[in-house]
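# Remarks on the overall topology
As a plain string of letters, each chain reads:
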Amino acid sequence: MKNSKFIKALNLQDNSTPPVWFMRQAGRYLPEYQEIRKNYTNFLDMCKQPKTCAELALQPIDRFDLDASILFSDILTIPDALNLGLAFHEGEGPKFSNPISSPQDIKRLTRFDVNSLDYVFKAVEETKKILPNNLPLIGFCGSPWTLAAYSIEGGGSKDFNKTKSFMKEHPKELHEFLEILSNACYEYLRQQVLSGVNALQIFDSWADLLLENELEKFSLQYTQRLTSLLKADPVTSNIPIILFEKAPKIKIDDLVFADISCVSLYWQEDIDRVAKKLKNQYAIQGNLDPKVLLESDELIWNETQKICSIMSEYPGFIFNLGHGITPDINPSKVKVMIDAIRQ
Ligand code: CP3
């Protein structure tokens, strides 16, 4: 694994061409994904089939020969394990039938039992069995804050008003909930590592809901709690951690901390500026705007090469998108981008 381009980059070693993988590289934009997806009404039922997860994780590797694979699962498995009743309805995204609506709901929460997520750890094992040798597998979780936001909101939302009110009205109980989630994420990632993952990514996909002074208090503090648990544990201490923050109100270069090996830059970040600040300290992953993949081949080629040329002297650069691939992308456009990186 040490010789994989991806792990070398995470260790700030140079590569002739940057390693490449994509957030949401397995998913609805791939016809081979749709072929399997149509056998399930509820997406979560598909996530509970370890062999199917392994097959889905492999699809983008087979198609594009990427430098890393990511576990096929979802960040919302933890709130589901806390009995919030997760389902994915057609065209609606995630919905919880039993969300956190009051402080009492937090007091009444069932204790997190990592074994209830055994289907995820089996998926890791099945994926490792069929992945090419030396191809790293990334495990992941949502940040405690992002998981809390979904759990309180009861699903996705434009404004997350319920979450914002809960934060104002019940900060103490929210902190208790964030602590529960931090510990759950730690046990969850630890078990993913024991099952075979080679790197970890933490998705703080709702960092942008928080004002500058709230971001530290409600999100970063708990992500740091999670990473310090991982770093103190001999099982996980050597596993590189990648942090993705979506549009944070604190500058990303002021926000990263020592437990993190790599920052995954949102597409709005100025990669040139951030690279100058973080050089020789952190690996950087990013950060083409996924919407560029809706444009002409020529534009995709140019925008991809622009990023590669800015980062050509940066030890520890990993090419990625600045957020996940969306279902409206044509896989042939992804190929154009990969060719531009490897050219
Ligand atoms: O290749 C991969 O990255 C696959 C594994 C993966 C999925 N979700 C599969 C998935 C990963 C790493 C995630 C992370 C995830 N899930 C995040 C963080 C990344 C980000 O986008 O910021 C978030 C916020 C979620 C929550 C989630 N899961 C939402 C909001 C939705 C519905 C909307 C959408 O984008 O589809 C999901 C469902 C989901 N998770 C799908 C997949 C492939 C689509 C489900 C379907 O086929 O209906």
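To start, this report covers the structure provided alongside it. Predicted model, so just to flag it, every value in this text is computed and none were measured. (Residues numbered from 1 in each chain as written. Predicted model: local features only at pLDDT ≥ 70, side-chain atom pairs only at ≥ 80, totals over all residues. Heavy atoms only, no water.)

## A few points about the overall build of the chain
When you go through the chain residue by residue, the secondary structure sums to 15 helices and nine strands. Taking 20 Å as the expected radius of gyration for a compact globule of 343 residues, we find that the chain reaches 19 Å, a close match to that expectation. Over its C-alpha atoms, taken along the principal directions, the chain stretches across nearly 55 × 45 × 40 Å. In the chain, which comprises 343 residues, the proportion classed as buried is 59%. At a minimum sequence separation of 6, the contacts of the chain that also span at least 24 residues come to 73%. Accessible area of the chain: about 14,400 Å², with a carbon and sulfur share of 46%. (Helix = DSSP H or I, 4+ residues; strand = E, 2+ residues; numbered from the N terminus. Rg over C-alpha atoms; globule rule 2.2 N^0.38 Å. Buried < 20%, exposed > 50% of the residue type's maximum accessible area, 1.4 Å probe, protein only. Contact = heavy atoms within 4.5 Å. Areas by Shrake-Rupley, 256 points an atom, 1.4 Å probe, with all protein chains shown as cover.)

## Re the environment of Ile106
Mapped onto the secondary structure, Ile106 falls in helix α6 (residues 103-107). For the pair formed by Ile106 and Glu173, sequence separation is 67 residues and the distance between their alpha carbons is 7.1 Å. Sequence-distant contacts of Ile106, defined by excluding residues within four places in its chain, comprise Ile100, Phe166, Glu173, Leu174 and Phe177.

## Looking at the site of the ligand
With respect to spatial proximity, 22 residues lie near the ligand, and among them Arg28, Tyr33, Asp74, Ser205 and His323 are the closest. The contact in question runs from an oxygen atom of the ligand to an N or O atom on the backbone of Ala26, over 2.9 Å. At 2.6 Å from an oxygen atom of the ligand is found a side-chain nitrogen or oxygen belonging to Tyr33. Alone, the ligand offers 870 Å² of accessible surface; in the complex the protein occludes 87% of this. Judged by its atoms lying within 2 Å of the grid points, the ligand is housed in the largest pocket. (Near = heavy atom within 4 Å. Polar contact = N/O pair within 3.5 Å; in protein donor to acceptor, adjacent residues only side chain to side chain. 1 Å grid on protein atoms, 1.4 Å probe; cavity = no way out; pocket = protein on both sides within 12 Å on 5 of 7 lines; lining within 4 Å. Sits in = over half its atoms within 2 Å of the grid points.)

## Details of the pattern of salt bridges
For the structure on display, the rule yields 19 salt bridges. With its nearest N and O atoms 2.6 Å apart, the salt bridge here joins Lys38 to Glu35. In this structure Lys38 comes out as exposed when scored by relative accessible area, which is 57%. As a salt-bridge pair, Arg108 and Asp105 come within 2.8 Å of each other at their nearest N and O atoms. Classification of Asp105 by relative accessible area gives buried; the value is 18%. Connected through salt bridges with shared partners, the residues Lys107, Lys172 and Glu176 form a single ionic network. (Salt bridge = Lys/Arg side-chain N within 4 Å of Asp/Glu carboxyl O.)

## Some points on the pairing of strand β4 (residues 137-142)
With respect to burial, β4 is a largely interior element, six of its six residues being buried. A two-sided burial pattern is seen for β4, the buried positions comprising Leu137, Gly139 and Cys141 on one face and Ile138, Phe140 and Gly142 on the other. Summarising the sheet, strand β1 (residues 69-70) and β4 pair through two bridges and their orientation is parallel. Bridge pairing in β4 places Ser69 opposite Leu137. Pairing between β4 and strand β5 (residues 199-204): five bridges, direction parallel. In the strand pairing of β5, Ile138 is matched with Ala199. (Pairing = 2+ DSSP bridges.)

## Focus on the packing of helix α8 (residues 144-153) against helix α9 (residues 161-169)
For the pair α8 and α9, interaxial distance at closest approach is 8 Å and the crossing angle is 105 degrees. In terms of orientation, α8 lies roughly perpendicular with respect to α9. Counted together, Trp145, Ala149, Ile152 and Glu153 of α8 and Asn161, Lys162, Thr163, Phe166 and Met167 of α9 form the full contact between these two elements. Along the lines of polarity and charge, the residues of the contact of α8 with α9 split into five nonpolar, two polar and two charged. (Axes fitted to C-alpha atoms, helices over the stretch in contact; angles between N-to-C directions. Parallel < 35°, antiparallel > 145°, perpendicular 65-115°, else oblique. Nonpolar A, V, L, I, M, F, W, Y, C, P; charged D, E, K, R; others polar.)

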